[in-house]
Amino acid sequence: MFFTLLKKDLLLELRSKEIVISMLTFGVTVILTFAFSFNVSSDIMGTFAPGLFWIMILFISVLGLQRSFAYEKEFDAYSLMLTSPVDRGLIFLSKWISGTLFLIITECAVALPFILFLQLTIDVNMLNFCGVIILADLGIMVGGSLVSGLAMRAKMSAVLLPILMFPIVSPVLIAAVKATIGLLNHEPYAYWQLSIRIMGSFTVIFGLIGYTLYDHISEE
Amino acid sequence: MSFFSHRKNQIWLGIVSTLMLINLYLIFVVTPIHPEQQWAQRIFYFHVPTAWTGFLAYFLVMIGGILFLWKKDQKWDNFGLASAEIGTLFTALVLVTGPIWAKPVWGHAWTWEPRLTTTLVLFLIFVGYFMLRAYGGHPERVSRYAAALGIIAFADVPIIFISVKFWLPEFQSHPQVEMNKQAPEYLYPFLFSLFVFTMVYLIMLRYRMHIINLKNKTLSE
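The model shown is predicted, which means the values in this text are computed figures rather than measured ones.

A. Looking closely at the overall build of chain A. Regarding its fold elements, chain A presents 9 helices and 0 strands. Written out in order from the N terminus, the α and β elements of chain A read α-α-α-α-α-α-α-α-α. At 18 Å, chain A has a C-alpha radius of gyration in line with the 17 Å of a compact globule built from 220 residues. For the C-alpha atoms alone, the extent of chain A along its principal axes is close to 55 × 35 × 30 Å. When burial is assessed residue by residue, chain A has 51% of its 220 residues classed as buried. For chain A, the proportion of contacts with a sequence separation of at least 24, taken over those separated by at least 6, is 85%. Summing over all exposed atoms, chain A offers an accessible surface of approximately 9,700 Å²; the carbon and sulfur share of this is 71%.

What follows is the structure, given as structure tokens:
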């Protein structure tokens, strides 16, 4: 059933491409504002790049989550889905994983303008870097999907989502920035290993909480 | 019937008020002036007890949330809401008293000290909690969402604390850590203040639950 739900989310996006395109366009716009706000030079941007990158990811994840859950509101599809004999926890898992996949795709596309426009020189172990990015994306999206489930049907859902999501996922943001700095500066793993533990624990704890609570959250 | 027309509540109020007066006397008159921190140390007898009470209140929001989702009893939702309101009030006081204490002692009104930062993050989550309560839609649905958010918020506390400590490890430890090393003339009034603020929380919780029950009753009529 999980794969059916995941397939549904992916198919919807494959047909409309709304989520990834809007996330990507917004990402490039954010990079542009970064470039305008700072005096672009390799030294300055190199110092701020990890923080700016994760701020951008956080912003575009909000946009992606809003679009993803807006699909469910159209024609009251969410209520119809709840009437079907589906484990509600699996709905949460499918939203989380599909959201993470969309975020990873967007990151792959937005990385090039980020490096290019901000004049960055990146010398990093790509395998480790991808690992950190995937783990942080899972963390951001687990918190985001959980909050989206709460805010989706509220009157001010667009406002509530970032207000609730940003403080909740703040540990992931801190850990992701620290790990990225560690990787870019070629620091030994021992210096930033705690960030991996923080992101891992956050993902596991909130994954379990989300799976358990979604049954109650989505009760009709 | 008014809350304070009940004999039991009058006794409660009398006890808590007397305890608070004794507490103020101990803090401002009995406790000697700290040789290093001088008068700034006095704020500490309010800052830490309000922080303790705020976190206790948020912990009880989580307990109320779990019990509401489990038992589906409205009283646990009222309990969670009342505790969240008081917790947010006390947390706001922590964020006000923290800088008052920090300015003369640390030289800065605000430092990204792990406990203070965790308190700020938790305060922001609970501002969102009240927005969710206000704009969440159907009241029955809102109660479930609020219960879930109360659980999520408190489950996040240890992770936020560890991550903030990791973020800026050079920051000073919070004064509470050193309090148990203080001489008895400083320590005992501090412990008494912790107890009194807990009592204040309990009577406020009772009062807010009474108000929320009345409000719900009026709305359903």
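B. Structural context of the interface of chain B and chain A. With 27 residues of chain B in contact, the opposing surface of chain A contributes 32 residues. Linking chain B with chain A are 0 salt bridges, by the criterion used here. There are 4 residue pairs in polar contact (both at pLDDT 80 or more) connecting chain B and chain A. Sorting elements by how many residues they give to the side of chain B that touches chain A places helix H5 (residues 139-167) of chain B first, with 16 residues. Grouping the constituent residues of the side of chain B that touches chain A by class yields 20 nonpolar, 3 polar and 4 charged.

C. Focus on the state of the cysteines. Residues and elements named next belong to chain A. According to the stated counting rule, one finds 0 disulfides over all chains in the structure shown. Sulfur of Cys108: no disulfide; nearest cysteine sulfur belongs to Cys130 and is 7.3 Å away. Its relative accessible area of 37% is what places Cys130 among the partly exposed residues.

D. Seen up close, the packing of aromatic side chains. Counted under the stated rule, the structure contains 20 aromatic pairs over all chains. On the numbers, 6.4 Å between centres and 80° between planes, the contact of B:Phe90 with B:Phe197 is edge-to-face. Note that B:Phe90 is positioned in helix H3 (residues 74-106) and B:Phe197 in helix H7 (residues 184-220), a separation of 107 residues in sequence. Considered together, B:Phe90 and B:Phe197 belong to a single accessibility category, that of buried residues. In this structure an aromatic cluster arises from ring pairing among B:Phe28, B:Phe46, B:Phe90 and B:Phe197. Here the guanidinium or amino end of A:Lys178 rests over the ring plane of B:Phe166, the centre of that ring lying 5.4 Å away. Sitting above the plane of the B:Trp70 ring, B:Lys71 keeps its charged end 4.3 Å from the centroid.

E. Molecular detail of unusual backbone geometry. Positive phi, normally seen in glycine, also occurs at A:Gln119, with a value near 50°. Relative accessible area serves as the criterion here: at 43%, A:Gln119 is assigned to the partly exposed category. The backbone of B:Lys72 shows a phi angle near 55°, a positive value even though the residue is not glycine. Structurally, B:Lys72 is set in the loop between helix H2 (44-71) and H3. The exposure class assigned to B:Lys72 is partly exposed, which follows from its relative accessible area of 44%.

F. How the structure looks around the side chain of B:Arg144. When you line up the elements, B:Arg144 lands in helix H5. Polar contacts involving the side chain of B:Arg144 include one to the main-chain carbonyl oxygen of A:His216, which spans 2.9 Å.

G. Up close: the confidence of the model for chain B. Per-residue pLDDT for chain B has a mean of 87; in total, 92% of the residues score no lower than 70. The secondary structure element of chain B with the lowest average pLDDT is helix H6 (residues 176-179) of chain B, at 58, and the one with the highest is H2(B), at 93.

H. Spotlight on the nonpolar core. Of all hydrophobic cores here, the largest spans 101 residues; its most connected members are A:Trp54, A:Met56, A:Phe114, A:Leu118, A:Met165 and A:Met199. In this view, A:Met199 contacts A:Val132, A:Leu135, A:Ala136, A:Val172, A:Ala175, A:Ala176 and A:Ala179; residues no more than four positions away in its chain are not counted. Formed by 33 residues, the second largest nonpolar core is a distinct cluster that contains B:Leu19, B:Ile86, B:Phe90 and B:Ile212.

Cut-offs and rules
- Residues numbered from 1 in each chain as written.
- Chains lettered and ligands numbered in written order.
- Predicted model: local features only at pLDDT ≥ 70, side-chain atom pairs only at ≥ 80, totals over all residues.
- Heavy atoms only, no water.
- Helix = DSSP H or I, 4+ residues; strand = E, 2+ residues; numbered from the N terminus.
- Rg over C-alpha atoms; globule rule 2.2 N^0.38 Å.
- Buried < 20%, exposed > 50% of the residue type's maximum accessible area, 1.4 Å probe, protein only.
- Contact = heavy atoms within 4.5 Å.
- Areas by Shrake-Rupley, 256 points an atom, 1.4 Å probe, with all protein chains shown as cover.
- Salt bridge = Lys/Arg side-chain N within 4 Å of Asp/Glu carboxyl O.
- Polar contact = N/O pair within 3.5 Å; in protein donor to acceptor, adjacent residues only side chain to side chain.
- Nonpolar A, V, L, I, M, F, W, Y, C, P; charged D, E, K, R; others polar.
- Disulfide = S-S within 2.5 Å.
- Phe/Tyr/Trp six-rings, centres within 6.5 Å; stacked < 30°, edge-to-face > 60°.
- Lys NZ or Arg CZ within 6 Å of the ring centre and 35° of its normal.
- pLDDT = per-residue confidence, 0-100.
- Core = buried A, V, L, I, M, F, W, Y, C linked by side-chain atoms within 4.5 Å.

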